[in-house]
Amino acid sequence: SQQGEEDPQALSIQEGENATMNCSYKTSINNLQWYRQNSGRGLVHLILIRSNEREKHSGRLRVTLDTSKKSSSLLITASRAADTASYFCASQRPDSWGKLQFGAGTQVVVTP
Amino acid sequence: DTAVSQTPKYLVTQMGNDKSIKCEQNLGHDTMYWYKQDSKKFLKIMFSYNNKELIINETVPNRFSPKSPDKAHLNLHINSLELGDSAVYFCASSAGFGQETQYFGPGTRLLVL
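If you're wondering where the values come from, they're calculated on a predicted model, not measured in any experiment.

> What's the story with the sheet that holds strand β8 (residues 73–78) of chain B in this structure? I'm lost.
Sheet strands associate in pairs through backbone hydrogen bonding, adopting either a parallel or an antiparallel arrangement. Residues and elements named next belong to chain B. Here we have four strands laid out as an open sheet, ordered β1-β3-β8-β7, and antiparallel in their pairing. On the outer flanks of this sheet lie β1 (4–7) and β7 (64–70), each paired with one strand and no other. Geometrically, the sheet is characterised by an average inter-axis angle of 20° between neighbouring strands, direction not taken into account. In terms of strand pairing, β7 meets β8 through five bridges, oriented antiparallel.

Here it is as structure tokens:
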């Protein structure tokens, strides 16, 4: 079964705007990760947040984690056309032997 | 330098054929994975190997057989290909068993006709 659900499925914004996407998961986790996938390419790791962390920043990215609601959000500030991609959350359970459970992804389009 | 590489990038074949996809990582990682991404972009793990040993084997038809000749390589062999096998297959690696960040290859786009 799919561990993560992402919302929205698609997001269209203009350059300079912020983009926020959300992810929910079903079981307890060790960490939650966000990946980016450009069209026709592999996944690139963006940021990892552990279950005992609530917020993490990396450049223009801000990730939050609410373990009580089993949800996470990814905020991209001051978006650029190059941010156009699909964004996936992936949760990793403590007993999962490293297995990542991916959400369905959010397709983000940033127009100049 | 390519960290995780896969060959071929594209694979078009007929139903019933047998095909292999190769994966190599030059990161010195101990753990490697195969994921399948379907047409709706949903990614699901298929297999994981740690130091050439099978660790994760999800509910995958036994027509799919992974092989790890050494810890830098994890190949995927598929027998008797079916239409439903059409997907993008991604190889990934991580530093160690249970190490969090995974590094993905560019994917192999398989189309079964």
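> Just checking my understanding: could you explain the nonpolar core for this structure?
Across soluble globular proteins, nonpolar side chains show a tendency to be buried alongside one another. Judged by nonpolar contacts, the single largest core of 22 residues is most densely connected at Met21, Leu32, Trp34, Leu46, Leu74, Ile76 and Tyr87 of chain A. Those elements that place two or more of their residues in this core are β2 (10–14), β3 (19–24), β4 (31–37), β5 (43–50), β7 (61–66), β8 (71–76), β9 (85–92) and β11 (106–111) of chain A. With 19 residues, the next largest nonpolar core counts Phe47, Phe64, Leu81 and Leu110 of chain B among its residues.

> Honestly, unusual backbone geometry in this entry has me stumped. Any pointers?
Leaving glycine out, the prevailing phi sign among residues is negative, and the prevailing peptide bond configuration is trans. The amide bond that connects Asp7 of chain A to the next residue, Pro8 of chain A, takes the cis arrangement and shows omega of 0°. Cis rather than trans, the peptide bond between Thr7 of chain B and Pro8 of chain B has omega equal to -5°. You can see Pro8 of chain B is positioned in the loop between β1 and β2 (10–13). Unlike most non-glycine residues, Asn51 of chain B shows phi in positive territory, near 50°. In this structure, Asn51 of chain B sits in the loop between β5 (43–50) and β6 (53–57). Judged by its relative accessible area of 39%, Asn51 of chain B falls in the partly exposed class. Positive phi is not limited to glycine here, since Ser80 of chain B has a value of about 45°.

> In this structure, what is going on with the pairing of β5 of chain B? I would like to understand it.
Moving residue by residue along a regular strand, the side chains alternate between the two faces of the sheet. Residues and elements named next belong to chain B. Counting buried residues in β5 gives seven out of eight residues, a clear majority hidden from the surface. Looking at chain direction, strand β4 (residues 31–37) and β5 are connected through seven bridges and run antiparallel. Bridge pairing in β5 links Lys36 to Lys44. Sheet topology places β5 next to β6; four bridges connect them, and they run antiparallel. Residue pairing for β6: Ser48 is matched across the bridge by Ile56. Between β5 and β6, which pair antiparallel and follow one another directly, the connecting turn spans two residues, one of which, Asn51, has a positive phi of 50°.

> Sorry if this is basic, but what is going on with the state of the cysteines here?
By definition, a disulfide links the sulfur atoms of two cysteines through a covalent bond. All names here are of chain B. Under the defined criterion, the tally for this structure stands at two disulfides over all chains. With its sulfur 1.9 Å from that of its partner, Cys23 forms a disulfide with Cys91. Because the sign of the S-S torsion sets the handedness, a value of about -75° for the bond joining Cys23 and Cys91 places this disulfide among the left-handed ones. Remark: Cys91 occurs in strand β9 (residues 87–94) and Cys23 occurs in strand β3 (residues 19–25); sequence separation between them is 68 residues.

> Is there a simple way to explain the interface of chain A and chain B in this structure?
Often, the extent of an interface is quoted as the loss of accessible area on bringing the components together. With 24 residues of chain A at the interface, the matching set in chain B holds 22 residues. In total, about 1800 Å² of surface goes out of reach between chain A and chain B, with carbon and sulfur atoms giving 55% of it. Taken together, chain A and chain B are joined by one salt bridge. The residue Glu58 of chain B makes a salt bridge to Lys99 of chain A at a minimum N-O spacing of 3.0 Å. Elements that contribute at least two residues to the side of chain A that touches chain B include exactly β4, β5 and β9 of chain A. Looking at the side of chain A that touches chain B residue by residue, the class counts come to eight nonpolar, 13 polar and three charged.

What counts, and at which threshold
Residues numbered from 1 in each chain as written. Chains lettered and ligands numbered in written order. Predicted model: local features only at pLDDT ≥ 70, side-chain atom pairs only at ≥ 80, totals over all residues. Heavy atoms only, no water. Pairing = 2+ DSSP bridges. Helix = DSSP H or I, 4+ residues; strand = E, 2+ residues; numbered from the N terminus. Axes fitted to C-alpha atoms, helices over the stretch in contact; angles between N-to-C directions. Core = buried A, V, L, I, M, F, W, Y, C linked by side-chain atoms within 4.5 Å. Buried < 20%, exposed > 50% of the residue type's maximum accessible area, 1.4 Å probe, protein only. Disulfide = S-S within 2.5 Å. Contact = heavy atoms within 4.5 Å. Buried area = accessible area lost by both parts, 1.4 Å probe. Salt bridge = Lys/Arg side-chain N within 4 Å of Asp/Glu carboxyl O. Nonpolar A, V, L, I, M, F, W, Y, C, P; charged D, E, K, R; others polar.

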